[in-house]
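What follows is each chain in one-letter form.
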Amino acid sequence: MPAIEEYAPASILDQDLYKFCMQQAVLQHYPAVDAEYRFVNRDPSIQFNREAFEWLQERISGMAELRATSNDLDYLRSACPFFSAEYIAYLSEFRYNPSTEVACSLDEDLGSLSLRVSGNWNRIILYEVPLLAMIAEAHYRFVDVDWNYEGQRAKIAAKGEMLARAGCKFAEFGTRRRRSFMTQDIVMSELSQIKSSGGGIAGTSNVYLARKYGVPPVGTIGHEWIMGIAALENTYKSADRLALLKWQQTYGSRLTVALADTFGTRVFFASFDRELAGTYNSVRHDSGDPLAFAQAVCEHYTELGMDLSTKRIVFSDSLTPEIAIGIKSKCDSYGIGCSFGIGTNFTNDFNLASNPAQAGTALNIVIKLFRCGGKPCVKLSDDRTKYTGDVDEVKRAQSELAEFY
C-alpha cells in the first residue's frame, strides 16, 4: 500500500478529472472566449485570518511552477483515451499564471475572503478545484484548528464497508472540500482496499490519487459548461440541449452522464428528448429531493419508451452512506441503476479534538463561473440556496423560463 503523504503534491494531476474534460471541450468549441470566476462562501460565519490568507497567497503563487510531466501525460493517454493527441500536446505546454489570472484579498475586519479568476476560459477553467482545496486547507490550518486525524481511518473504512455491503457503487468526490490533502489520501487508502462483488469504489475524481491507488479517474460535466453556453448562445431554454450536443461532438459515446439541474430539472427534461436520452446513458442529480428526482427520471424515460434497466442515475448532492443506501433501495424498486459521488462526507467529516462527541464544521464554499464572453452567467438549480450569479440576470433567466416554474 502506498505511503500516506502529509502535504499536497506539486502535481498538476492533483485535480478533478472533469476539469480536464471541460478544458478539452472549451478548447474545441470556444477557444478564444474570456471568462471570470468568483469565490462564494455560502456560510458567512466561516472566517479567515491573516495567517490563513498569507499561506493561501503563497500556495496560489506556487501554482506557476506546476506542469505536466512526461509520466503525467503517459498516464492520461492510458487512463483517459477520450483525450485527443492535440489536447495532450496542449496540456504538455500548459502553465498557470496566477500573478495575472488570480486576484485574492482579505477583509480582516469581517474575516471574509474575496477571490476572482479571470482570463481565457480554456486556461482559467483549471483553477477552481485546486483553489477550493487550498482555501479549505488554509481555514483548517489557521482558523478552525480543533481537530486531528484520530479515528479517521476506522471511520472511512466503516463508511466504505457499509456502502459496499449494501451493493452501492460509489466514487470519491472530495477534492474541493477536503480538510487537507492528507485527509483525502487516507480516504483513498482505505476505500481502495474494499473488495465486494456487488458494491464498492468505482473510482475517484482526483486524477493524482486515481493513479496512486490504481482506480479509475471519474468525472462528469460541470454546471459551468452549461452556464457558459447559455450566456454565449443567449438562451436558457435551449442551453441544456446545446451543451449536451456539443459535449457529444467532443466525446462521442464516452463520458455520457448528463447533468440535470443547472436551470432546474423541468427545464432539463424539456430538452432531454429521445435522441439525447438514447445517447446519454446516465443523468446526474446534484440538488433538490433525490427520491423525487429518481421518480421524475424514471417517468421521463418511460414516456420516451426506454428500458430503465439500461439507464443509471448518478447522485452527488450532500450524500452520506445512509442516504445513499436509502436512495439505492428506491432505485432498485424502480428497476433503474444508480451510483454515488460522495465528497464532503468522505474528506471533511471530523469531530472536535476538544470534544470528540461534537461534530466539526465542514465548509460550504464554491467558485462559480460569473461571466463568459463578457456576459453574466447564472445557475438556478433545484435548490434556491444554490442560485448563483448576478441578481438581475437570475431574474432574467427566471423570466425566460417562467413556464417551468
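Calculation criteria
- Residues numbered from 1 in each chain as written.
- Predicted model: local features only at pLDDT ≥ 70, side-chain atom pairs only at ≥ 80, totals over all residues.
- Heavy atoms only, no water.
- Helix = DSSP H or I, 4+ residues; strand = E, 2+ residues; numbered from the N terminus.
- Rg over C-alpha atoms; globule rule 2.2 N^0.38 Å.
- Buried < 20%, exposed > 50% of the residue type's maximum accessible area, 1.4 Å probe, protein only.
- Contact = heavy atoms within 4.5 Å.
- Areas by Shrake-Rupley, 256 points an atom, 1.4 Å probe, with all protein chains shown as cover.
- Pairing = 2+ DSSP bridges.
- Axes fitted to C-alpha atoms, helices over the stretch in contact; angles between N-to-C directions.
- Arc of directions from axis to C-beta.
- 1 Å grid on protein atoms, 1.4 Å probe; cavity = no way out; pocket = protein on both sides within 12 Å on 5 of 7 lines; lining within 4 Å.
- Points joined across faces, edges and corners; volume = space filled by probe spheres on them.
- Nonpolar A, V, L, I, M, F, W, Y, C, P; charged D, E, K, R; others polar.
- Left-handed = near helix turned anticlockwise from the far one by under 90°.
- Phe/Tyr/Trp six-rings, centres within 6.5 Å; stacked < 30°, edge-to-face > 60°.
- Lys NZ or Arg CZ within 6 Å of the ring centre and 35° of its normal.

Novice: Just give me the short version of the overall build of the protein, but keep the residues and values in it.
Specialist: Secondary structure assignment for the protein yields 18 helices and 11 strands. Taking 2.2 N^0.38 as the reference for a compact globule, 405 residues should give roughly 22 Å; the C-alpha atoms of the protein span a radius of gyration of 20 Å, in line with that estimate. Burial analysis of the protein (405 residues in total) assigns 55% to the buried set. Long-range pairs, those at least 24 residues apart, make up 78% of the contacts in the protein between residues at least 6 apart in sequence. When the accessible surface of the protein is split by element, carbon and sulfur atoms take 48% of a total near 16,300 Å².

Novice: Could you give me a rundown of the sheet that holds strand β10 (residues 365–372), with the residues and numbers involved?
Specialist: Read across the sheet, five strands follow the order β2-β3-β1-β10-β11 without closing on themselves; strand pairing throughout is antiparallel. What marks the edges here is a single partner per strand, and that holds for β2 (102–107) and β11 (375–376). Pairing of β2 with strand β3 (residues 112–120), which is carried by six bridges, proceeds in the antiparallel orientation. Residue L106 lies in a different strand from β3, and its bridge partner there is L113. Against the sheet, helix α7 (residues 128–142) touches β1 (34–41), β3 and β10, its axis set at about 145° to β10.

Novice: Kindly report on helix α3 (residues 70–79), identifying the contributing residues and their values.
Specialist: D72, L73, Y75 and L76 are the residues of α3 that are buried. The buried residues of α3 occupy one face: seen down the axis, they fall within an arc of 160°. Facing away from the buried side of α3 by over 90 degrees, the exposed positions are S70, N71 and S78. Of the surrounding secondary structure, the elements contacted by the buried residues of α3 are α4 (85–93) and α10 (207–213).

Novice: Before we move on, could you go through helix α11 (residues 223–232) and cite the residues and values that matter?
Specialist: Counting buried residues along α11, 10 of its 10 residues qualify, which places the element largely inside the surrounding structure. If you check which residues of α11 are buried, you get H223, E224, W225, I226, M227, G228, I229, A230, A231 and L232. Phi for N234, located one or two positions after α11, is positive at around 55°.

Novice: For the layout of surface pockets, give the residues involved together with the corresponding values.
Specialist: Taken as a whole, the largest pocket encloses approximately 870 Å³ of empty space. Lining the largest pocket are 39 residues, with R176, R177, D286, S316 and K386 positioned closest to its centre. Elements represented by at least two residues in the lining of the largest pocket include exactly α11, β9 (337–342), α17 (344–347) and β10. For the lining of the largest pocket, the element with the highest residue contribution is β10, accounting for four residues. Reported here for the second largest pocket is a volume of approximately 410 Å³. Every residue lining the second largest pocket is counted, 20 residues in all, and those nearest its centre are A8, P9, A10, R59 and M134. Counting residues per element, the lining of the second largest pocket draws most heavily on α7, which supplies five residues. Along the lines of polarity and charge, the residues of the lining of the second largest pocket split into 12 nonpolar, three polar and five charged.

Novice: Hey, could you go over the packing of helix α2 (residues 50–62) against α7 for me, with residue numbers and the actual values?
Specialist: For the pair α2 and α7, the least separation of the axes is 9 Å and the interaxial angle reads 145°. The two elements α2 and α7 cross, and the hand of that crossing is right-handed. Along its contact with α2, which presents E51, A52, W55, L56, R59 and I60, the element α7 presents L131, M134, I135, E137, A138, R141 and F142. Its residues assigned to classes, the contact of α2 with α7 comprises nine nonpolar, no polar and four charged.

Novice: Give a detailed account of the side chain of Q15, specifying residues and quantitative values.
Specialist: Among the structural elements, Q15 can be located in the segment before α1 (17–29). Judged by its relative accessible area of 0%, Q15 falls in the buried class. Residues in contact with Q15, not counting those within four places in the same chain, are F20, Y96, L126, V129, P130, S205, N206 and V207.

Novice: Quick one: what's the story with the packing of aromatic side chains, residue by residue and with numbers?
Specialist: Here the structure, examined in full by the defined rule, presents 25 aromatic pairs. Residues F82 and F83 carry aromatic rings whose centres are separated by 5.0 Å and whose planes lie at 75° to one another, so their mutual orientation is edge-to-face. The exposure class assigned to F82 is buried, which follows from its relative accessible area of 16%. Since its relative accessible area comes to 7%, F83 is described here as buried. Considering the side-chain rings of F82 and Y251, the 6.0 Å spacing of their centres and the 75° angle between planes classify their relative orientation as edge-to-face. Taken together, the residues span a long stretch of sequence, with F82 in the loop between α3 and α4 and Y251 in helix α12 (residues 239–251) at a distance of 169 residues. Three or more aromatic residues joined by ring pairs form one cluster here, namely Y30, F82, F83, Y87, Y90, F94, Y96, W121, Y127, W225, W247 and Y251. One cation-aromatic arrangement involves R179 over Y140; the distance from NZ or CZ to the ring centre is 3.9 Å. Taking the ring centre of Y75 as reference, the NZ or CZ of R211 above it sits at 5.8 Å.

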